[in-house]
Amino acid sequence: MDKPNFYRAKLKAYEILIKQQSFSFPIDPRKLKLDSYNFVIISLQEYSQITNIPLEKLTSNGSFNDGYTYFNNNTAYIFYNNDIETEGRKMWTISHEIGHIVLEHTTQCEKNEQEANFFASQILAPQCVLKQLIKNGAKVTSNYLSSKFKISKEASENCINTLSKVIDNEKIVTEYDDIIISLFNPYIFRDYSLDLYFDELENRRKTFY
Ligand SMILES: [Zn+2]
């Protein structure tokens, strides 16, 4: 198997984040500005209602349950299943599909799946932001990630795994890391100060009792 190019996946994700207008979390991939591509992001349920195509046909009787991409006339249609249990999993599916498109994947293989997953993690919970939060003293746990970044428990655990594996791997630091950190800095700062404030309140409450 060819090695996945995580650096490129991260670079593409950050290129997209830099072009947005607001810089806070959670990120809704349905609202991303993706000006170099023609995208239609729509739920299978809504598409079924508009076109009268039965839902079972759109999911091939359940074999495409989470979502998939379909190309037509230079437009990429990203379909996602609105019935998926958590919002976090939906957002991950959409980001994963966007990843396949911007990374110009043409085949389905393990390498491409890993790259699309890494792209999704870098769009929804950018590694450099997590690193900065840790530097500031935040305890980045999977609960923390799923509540602040609205990603599923499973995705949170994956993010933490990759974070600990590549946190000191300079090869994966892109030229955009510093820009991303400065764009999201007001969020990082505000969020972290609030957490400290609540910790402090909680401690006082404990001492009081
Ligand atoms: Zn995929």
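All figures in this text were calculated on a predicted structure; none of them were measured in a lab. (Residues numbered from 1 in each chain as written. Predicted model: local features only at pLDDT ≥ 70, side-chain atom pairs only at ≥ 80, totals over all residues.)

Asker: I keep staring at the environment of Asn-136 and nothing clicks. Help me out?
Answerer: Position of Asn-136 among the secondary structure elements: in the loop between helix H6 (127–135) and helix H7 (142–148). Under the C-beta neighbour-count criterion, Asn-136 is labelled partly exposed, with 14 such atoms within 10 Å. Put simply, Asn-136 and Ile-188 are 52 residues apart on the chain and 8.9 Å apart in space, counted from C-alpha to C-alpha. (Helix = DSSP H or I, 4+ residues; strand = E, 2+ residues; numbered from the N terminus. Buried ≥ 20, exposed ≤ 12 C-beta atoms within 10 Å, placed from the backbone.)

Asker: What's the story with the nonpolar core in this structure? I'm lost.
Answerer: Inside soluble globular proteins, nonpolar side chains tend to come together where they are buried. Judged by nonpolar contacts, the single largest core of 38 residues is most densely connected at Ile-123, Leu-124 and Ile-151. Elements supplying a minimum of two residues to this core: helix H1 (6–18), strand E3 (75–80), helix H4 (87–102), helix H5 (110–124), H6, helix H8 (153–166) and helix H9 (177–208). (Core = buried A, V, L, I, M, F, W, Y, C linked by C-beta atoms within 7 Å.)

Asker: Hey, could you run me through H4 in this one?
Answerer: Because an α-helix completes one turn every 3.6 residues, residues spaced three or four positions apart along the sequence face the same direction. Its 16 residues give H4 an end-to-end C-alpha distance of 23 Å, which sits within 8% of 22 Å, the value for a rise of 1.5 Å per residue. Burial of H4 is extensive: 13 of the 16 residues sit out of reach of the surface. Downstream of H4 by one or two residues, Glu-104 has phi in the positive range, about 55°. (Expected span 1.5 Å × (residues − 1).)

Asker: How should I be thinking about the pairing of E3 in this particular structure?
Answerer: Sheet faces and side chains relate simply in a regular strand, where the side chains alternate between the two faces. Bridging between strand E1 (residues 39–43) and E3 involves 5 bridges; their strand directions are parallel. By the bridge assignment for E3, Val-40 is matched with Tyr-77. Relative to E3, strand E2 (residues 67–72) runs antiparallel, the two being bridged by 6 bridges. Of the residues in E3, the one forming a bridge with Asn-72 is Thr-75. Between E2 and E3, which pair antiparallel in sequence order, lie 2 residues; one of them, Asn-73, sits at a positive phi of approximately 45°. (Pairing = 2+ DSSP bridges.)

Asker: Explanation requested: unusual backbone geometry in the structure shown.
Answerer: Peptide bonds are, in most cases, trans, and in most cases residues other than glycine have a negative phi. Here the bond from Phe-25 into Pro-26 is cis, since omega is 0°, no more than 30 degrees from zero. Along the chain, the position of Pro-26 falls in the loop between H1 and E1. In this structure, Asn-52 is a non-glycine residue whose phi angle is positive, near 65°. Inspection of the secondary structure puts Asn-52 in the loop between helix H2 (44–51) and helix H3 (55–58).

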